[in-house]
Amino acid sequence: MKRSLVPYLIGLFPLAMMVVFFLAPLAFMIVVSFYERDPLGFYKVSFVWDNYAKFFSSFYYTISMRSLWSASLGALVVVLLAFPAMYIIVDMHRRWQLFWVILLLSLMCLSEVIIGFAWLILFSESSGIPKFLGWMGLWDNPRSLSPSFGAMLIGFITLGFSLVALMFYPQMAQRDRSIEEAALTLGTPPARVFSKVVLPNFMPAIVSSVVTMFVYFLGVFVMPTMLGRPQDWNMTVIITDKAVGDANMPLGAALSVIMLLFTLLIIGGLMLASRKREASS
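(A) Geometry of the pattern of salt bridges. Per the counting criterion, the structure on display carries five salt bridges. Arginine 177 is the partner of aspartate 91 in a salt bridge, and the nearest nitrogen-oxygen pair spans 3.3 Å. Highlighted residues: aspartate 91 in the loop between helix 3 (58-89) and helix 4 (94-108) and arginine 177 in the loop between helix 7 (149-173) and helix 8 (178-185), separated in sequence by 86 residues. Residue classification places arginine 177 among the partly exposed positions, given a relative accessible area of 25%. A salt bridge links aspartate 246 to lysine 242; the shortest N-O distance between them is 3.4 Å. Judged by relative accessible area, which is 30%, aspartate 246 ranks as partly exposed. Residue classification places lysine 242 among the buried positions, given a relative accessible area of 18%.

(B) Local environment of helix 5 (residues 112-123). When the terminal C-alpha atoms of helix 5 are compared, their 16 Å separation across 12 residues agrees well with the 16 Å that a helix rising 1.5 Å per residue should span. All buried positions along helix 5 are accounted for by Glu112, Ile115, Gly116, Trp119 and Phe123. Relative to the axis of helix 5, the buried residues are bounded by an arc of 100° and lie together on one face. At its buried positions, helix 5 is contacted by helix 6 (129-135), helix 7 and helix 11 (222-227).

Calculation criteria
- Each chain carries its own residue numbering, running from 1 in the direction its sequence is written.
- The predicted nature of this model means local features are confined to residues of pLDDT at least 70 and side-chain atom pairs, given and counted, to a pLDDT of 80 or more, with totals for whole chains, interfaces and linings taken over all residues.
- Note: side-chain values were computed over all heavy atoms of the structure, leaving out hydrogens and water.
- In what follows, salt bridge is the name for a side-chain nitrogen of Lys or Arg lying within 4 Å of a carboxyl oxygen of Asp or Glu.
- Here a strand is any run of E in DSSP of at least two residues, a helix any run of H or I of at least four, and the numbering for each starts at the N terminus.
- For every residue, the accessible area (1.4 Å probe, protein chains only) is compared with the maximum for its type, and the residue is labelled buried under 20%, exposed over 50%, or partly exposed between those bounds.
- Multiplying one less than the number of residues by 1.5 Å gives the expected span of a helix.
- What the arc measures is the spread of directions leading from the helix axis to the C-beta atoms.
- Only heavy atoms enter the contact rule, under which two residues are in contact if any of them lie within 4.5 Å.

Written out as structure tokens, the structure reads:
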């Protein structure tokens, strides 16, 4: 009898971790989102909808749409760059494969703050790329490239590239190359083989990688604040400013709940579209 309970007890462990580290904080955040702000403290226990009503003002609505746009664009660009790069790497000699995999793993060890400061230096007018281009005579009036939306997007790409590339590596390294080799033998151009054979086979992995990066970039805080302008800041920065800077925990919690709902709706829509596509094919 005791032995029969062991699998159930083992199965309860991840459930308990999910409850303690996800469901309990989420429930607390939802409850606090209905509280009122207390000027003398963080919040006052009550039940109001004012925090959610503020989201529909032009300020918060615009920021939320901008957050979704920047996260979507960053996710698409990262996947478009990482997928062909890893496709080339897995066909290299084993020694070069190990070199690139180790390099990508080492990039993941760098914190977001270090990467942000590195790009700040590279984008600065006094010691970075603009000064070098001016010294080369390629830029008559060099100026700093940050803060800007482009600088923030490059920061996103730096954060996500190694992660996405390593997500593709196991599947690409173990793929069946017979179909590709047959198409090449019949005279199909390599570019057409890549677009008509490789991409369709990896479409589920591509969609899941885009969704993963989209969720990840929605929660990025350092890159928008360091490399982006105030008009480029995402909702994560605004939530932190309201909850910590203005000590308005209920409003920050309400904005977090709304962004979580947006994220779940988008992920659900993408997964549903992917399943319909697989069923039709």
